[in-house]
Amino acid sequence: MTIRLLPPDVAAKIAAGEVVERPASVVKELVENAIDAGASIIGIELAEGGKRLIRVSDDGHGIPAAEAEYAFLRHATSKLSTVEDLSHIMTLGFRGEALASIAAVSLVTMVTRSRDEPAGTRLYLEAGELVSREVTGAPVGTVITVENLFFNVPARLKFMKAESTERQLIGALISRYALAYPGVRFTLMHGRQELLRTTGSGDLRQVMAEVYGADVAAQMLEIVQPEGERLRADLPYVRVSGLVGQPALSRSNRSHITVFVNGRWVQDSSLTYAITQAYHTMMPAGRFPVAVIMIEVPPEDLDVNIHPTKTQVRFRRADAVFSTVQRVVRRTLIEGAEMPAAHDDILWGAPDWQARRERLAEVTRARMSQLGIGMDVEDEGQFTRHEGRASAGQPASSEPARRRSSLPFMRVVGQVGATYIVTEGPRGLYLIDQHAAHHRILYEQLMAQRAAADIPAQELLEPIAVEVSAEEMAAVEANLAGLHEMGFVVEVFGRSTLRLRAVPAILASSDPVEALLAALGRFEGEEMPGDVSEEERIAARISQQAAIKAGQTLSQAEMQALIRQLEQCEMPQISPQGQPTMIHISAEQLAREFGRLGAS
Ligand code: ADP
Ligand code: MG
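Our subject in this report is the structure included herewith. The shown structure was predicted, so the numbers you read here are calculated from the model rather than taken from an experiment.

Of regular secondary structure, the chain possesses 18 helices and 24 strands. Counting every position in the chain, which comprises 600 residues, the buried fraction comes to 48%. Partitioning the contacts of the chain with sequence separation of at least 6, the portion at a separation of at least 24 is 69%. Put simply, the chain shows about 28300 Å² of open surface, and 52% of that area lies on carbon and sulfur atoms.

As structure tokens, this is what we get:
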């Protein structure tokens, strides 16, 4: 076969295939153009999942009559003119190929009117060829209608998915743009059915409620990052904002983690990983958070010109971006984590929960002061913790000593069933699982000692020989250093025998053989969630083994000591396995359950 240049129409269809894969990709490009045009209202209409019709209308700046045709030329763009421009792109589009690609494989009508012109232009194209052009009356802005997508590409047409699939994809897509641009009013219609409507108020939490419902929106924590905070002076400033879900609000997959970089939705597994890592030990294994995170970096630190669909980016300092995201999200979770409340629905289920909550708080406060109980229901921040150990692996200089305990000061009331400790705090009653709480305490102590390379070991009077399975032997050999670091002194002694010389001091009172086997995971119940190092797993197992068990009666002094230590923890509400350590019953709930609300 000889080498020949492709005829222009074939080349156009091939190029179009890179950008226009399915109806959702058409919607994406048209909506991005509308956003780039500065629109504050964007309407999307679909028929048959977009296969028959896609119409996107906006109130942006429009296109001047003299330039309208250029919009459909390949590599024609108003957003870029020199190579240098590529290194600081602020718009979503820049390649100038979307409209050309869409037009090549469909029937397109565009009505547009520029802000500075008295009349609009209507263009009609078939398979990229201009068929008609006329002057028309139109409001400022642009309406693009794409009909019969892929009518001239039978191969593509064959692979089009069911209408419902496309509709769902487009729904998800528009939801993401709505979240990224809370100031834009979006409407998505499928035929006469309204799939999504946002108000464009600019309030992210409100969009969250419109997309995910009020319940989810109420459980989101706002990311607060001090202005200009940098990881290190020599790294670029990375601004992180948005909403992250409380750990209790988990999902079975990662698709509810939405990330925008400079206003562009990106799919980046490292960023997703950084976010899920921030939930480390706070969420059970196999569960993922709900999060909407906006990252802003200087445009020159970002390369968006990697793929025609522009959903991938490359950072100049990826390490700075990932660490900042992880740090900021984790801090938000630690400062804002709420413990699971008993009968949450009683108080929070109502649609007007915000107003209701405020009223309840007010009433309760009034009653409490009437009764002479100085409970300040609203103020959670009045009990500050004394700063504990700096957590491992963080540069000491960059973390100012202003972390607030998420646990209020608590008074021990007593023990129930030799399993739960009952306490009273400023916001009501707390039931604490003594084993889970002690597990958390010992785990954090162990990790802090490890960070300081100072885990006390208890030498055994006589070395003990331990018989292990081949699998356990392999585990020991693979983790000899880790075990050692944790306070085990163990030697391999023959094919299936280990010699144990010392155990971590916290396990001094347990059976040393059991302690070792526990560390190896033989008694593992549910394992630690998320992606954790083997050392962390060992630490979690050791601390679980050493923690006081359910059924153990505790003296008042012991309970007091346990609660004080729990207050020192970084993540007091959740065990290292991701289970709650405590349940909170608020003063409001108590008052309500007893029918005291509203009564005087
Ligand atoms: P790009 O967005 O990469 O520039 P497109 O093919 O998507 O390329 O659009 C080509 C040009 O058409 C844009 O640069 C812009 O000037 C103009 N354009 C497209 N859609 C709109 C719109 N909705 N409002 C105003 N101008 C638009
Ligand atoms: Mg574009």
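What follows picks up the thread again.
Turning our eyes to something else, we now look at the site of ligand 1. Around ligand 1, the structure places 20 residues, and the nearest of them are Asn 33, Thr 77, Ser 78, Lys 79 and Gly 96. Here an oxygen atom of ligand 1 and a side-chain polar atom of Asn 33 are 2.8 Å apart. Asp 58 places a side-chain nitrogen or oxygen 2.9 Å from a nitrogen atom of ligand 1. Considering ligand 1 on its own, with 530 Å² of exposed area, one finds that the protein chains cover 94% of that surface. Breaking the shell around ligand 1 down by element, the ones donating at least two residues are α2 (23–36) and α3 (98–104). Considered class by class, the residues forming the shell around ligand 1 number eight nonpolar, eight polar and four charged.

Inspection of the secondary structure assignment puts Arg 113 in strand β3 (residues 107–113). Given the relative accessible area of 19%, Arg 113 is considered buried. Separated by 53 residues in the primary sequence, Arg 113 and Gly 60 place their C-alpha atoms 9.3 Å from one another. The contact partners of Arg 113, leaving out residues within four places of it in the chain, are His 61, Gly 62, Ile 63, Pro 118, Ala 119, Gly 120, Ala 138, Pro 139, Val 140 and Gly 141.

Angle between the axes and distance between the axes are the two parameters that describe a pair of packed helices. The N-to-C vectors of helix α8 (residues 269–278) and helix α9 (residues 318–336) enclose an angle of 30°; their axes lie 8 Å apart at closest approach. In terms of orientation, α8 and α9 fall into the roughly parallel class. Judged by the sense of rotation from one axis to the other, the crossing of α8 with α9 is right-handed. On the side of α8, the interface is formed by Ser 270, Leu 271, Ala 274, Ile 275, Gln 277 and Ala 278, while α9 contributes Val 321, Phe 322, Val 325, Gln 326, Val 329, Arg 330 and Leu 333.

Our focus in this paragraph is the sheet that holds strand β24 (residues 582–586). With respect to topology, four strands assemble into an open sheet ordered β18-β19-β20-β24, the strand pairing being antiparallel. The sheet is open, and its two borders are formed by β18 (411–416) and β24, each paired with just one other strand. If you compare each strand with its neighbour and ignore which way they point, the axes differ by 20° on average. Taken together, the five bridges between strand β20 (residues 428–433) and β24 define a ladder with antiparallel strand orientation. Across the sheet, Tyr 430 pairs through a bridge with His 584, a residue of β24. Against the sheet, helix α12 (residues 434–451) contacts β18, β19 (420–425) and β20, and its axis sits at roughly 75° relative to β20. This element, helix α17 (residues 556–567), spans β18, β19, β20 and β24 of the sheet and lies at about 120° to β18.

To continue, consider the environment of Arg 331. Looking at where Arg 331 falls in the secondary structure, it is placed in helix α9. Residue classification places Arg 331 among the buried positions, given a relative accessible area of 7%. Counting along the chain gives 107 residues from Arg 331 to Val 224, while the straight-line C-alpha distance between them is 8.8 Å.

This next bit is on a nonpolar patch on the surface. Among the surface-exposed residues, Leu 6, Val 10 and Ile 14 lie close enough to one another that they form a single nonpolar patch of about 260 Å² accessible area. Structurally, Val 10 can be placed in helix α1 (residues 8–19).

This part covers the sheet that holds strand β15 (residues 291–296). The strand order across the open sheet built from five strands is β9-β10-β15-β12-β13, with neighbouring strands paired in mixed fashion. Lying at the two open borders of the sheet, with one neighbouring strand each, are β9 (220–222) and β13 (264–266). Shown here is a sheet whose adjacent strand axes are inclined to one another by a mean of 20°, direction ignored. Pairing analysis gives three bridges linking strand β12 (residues 257–261) to β13, with the strands arranged antiparallel. Within β13, the position partnered with Phe 260 by the bridge is Trp 265.

Here Val 27 shows up in helix α2. Exposure remark for Val 27: the relative accessible area of 0% places this residue in the buried category. Separated by 146 residues in sequence, Val 27 and Leu 173 have C-alpha atoms that sit 8.5 Å apart. In contact with Val 27, not counting residues within four places along its chain, are Ile 44, Leu 46, Ile 54, Ile 170, Leu 173 and Ile 174.

As a further point, take unusual backbone geometry. Phi angles above zero are rare outside glycine, and Thr 281 is one such case at about 70°. Mapped onto the elements, Thr 281 comes out in the loop between α8 and β14 (288–289). Even without a glycine there, the phi angle at Ala 418 is positive, about 50°. When you line up the elements, Ala 418 lands in the loop between β18 and β19.

Once that is clear, we can look at the pattern of salt bridges. Counted according to the given criterion, the structure contains 19 salt bridges. Between Glu 69 and Arg 133 there is a salt bridge whose closest N-O contact spans 2.1 Å. You can see Glu 69 sitting in the loop between β2 (53–58) and α3 and its partner Arg 133 sitting in strand β5 (residues 129–136), a full 64 residues away along the chain. Residue classification places Arg 133 among the partly exposed positions, given a relative accessible area of 38%. In the salt-bridge network here, residues are joined through shared partners; they are Lys 28, Glu 29 and Glu 32.

Attention now goes to the side chain of Thr 581. Note that Thr 581 resides in the loop between α17 and β24. A polar side-chain atom of Thr 581 sits 2.6 Å from the main-chain carbonyl oxygen of Pro 572. When near neighbours in sequence (up to four residues on either side) are disregarded, Thr 581 contacts Leu 431, Ile 432, Asp 433, Ala 436, Ala 437, Arg 440, Pro 572, Gln 573, Ile 574 and Ser 575.

Here the focus is the nonpolar core. If you look at the biggest cluster of nonpolar residues, it comprises 61 residues, and the most contacted ones within it are Val 31, Ile 42, Ile 44, Ile 174 and Phe 186. When sequence neighbours within four positions are dropped, the list of residues in contact with Phe 186 reads Val 31, Ile 42, Ile 44, Ile 174, Tyr 177, Ala 178, Tyr 181, Leu 196, Arg 197 and Thr 198. Counting residues in each nonpolar core, the second largest holds 33 residues, with Ile 223, Leu 271, Met 283 and Ala 291 among its members.

On to the pairing of β2, then. Summarising the sheet, strand β1 (residues 41–47) and β2 pair through six bridges and their orientation is antiparallel. Among the inter-strand pairings, Gly 43 is bridged to a residue of β2, identified as Ser 57. The turn joining β1 and β2, which pair antiparallel and follow one another in sequence, is formed by five residues; a positive phi near 55° is taken by Glu 48. Where β2 lies against strand β6 (residues 141–147), six bridges are found, and the strand directions are antiparallel.

About the criteria used
- Here, residues in each chain are numbered from 1, in the same order as that chain's written sequence.
- Here the convention is simple: chains get letters from A, ligands get numbers from 1, in the order in which they are written.
- Totals for whole chains, interfaces and linings use all residues, but because this is a predicted model, local features are given only for residues with pLDDT of at least 70 and pairs of side-chain atoms are given and counted only at 80 or more.
- Hydrogens and waters are ignored; side-chain quantities use all the structure's heavy atoms.
- In DSSP terms, a helix is any run of H or I states spanning at least four residues, a strand is any run of E spanning at least two, and both are numbered starting from the N terminus.
- With a 1.4 Å probe rolled over the protein chains alone, any residue whose accessible area is under 20% of its type maximum counts as buried; one over 50% counts as exposed, and the rest are partly exposed.
- Pairs of residues are marked as contacts when any of their non-hydrogen atoms sit within 4.5 Å.
- Accessible areas in this description were obtained via Shrake-Rupley with a 1.4 Å probe; residue shielding takes into account the shown protein chains only.
- Whether a residue is near a molecule or strand depends on its heavy atoms: it is near if one of them lies within 4 Å of it.
- For the purposes of these results, a polar contact is taken to be a pair of N or O atoms within 3.5 Å, where, inside protein, one atom must be able to donate a hydrogen and its partner to accept one; residues adjacent in sequence count only when each atom of the pair is a side-chain atom.
- Asp, Glu, Lys and Arg are counted as charged, while Ala, Val, Leu, Ile, Met, Phe, Trp, Tyr, Cys and Pro are counted as nonpolar; the rest, among them Gly, fall into the polar class.
- Axis angles are defined between N-to-C directions and span 0 to 180 degrees, where every axis is a line fitted to C-alpha atoms and, for a helix, only to the segment in contact.
- Oblique is the label for any angle not under 35 degrees, not over 145, and not in the 65 to 115 range, which are roughly parallel, roughly antiparallel and roughly perpendicular in turn.
- What makes a crossing left-handed is the near helix being turned counterclockwise from the far one by less than a right angle; a clockwise turn instead makes it right-handed.
- Strands are treated as partners if at least two bridges between them are detected by DSSP.
- Residues form patches when they are more than 30% accessible in relative terms and have no salt bridge. Like charges link within 9 Å. Nonpolar side chains (Val, Leu, Ile, Met, Phe, Trp, Tyr) link within 5 Å.
- Just to be clear on terms, a salt bridge is a Lys or Arg side-chain nitrogen sitting within 4 Å of an Asp or Glu carboxyl oxygen.
- Residues enter a nonpolar core if they are buried and are Ala, Val, Leu, Ile, Met, Phe, Trp, Tyr or Cys, with the set joined through side-chain atoms within 4.5 Å.

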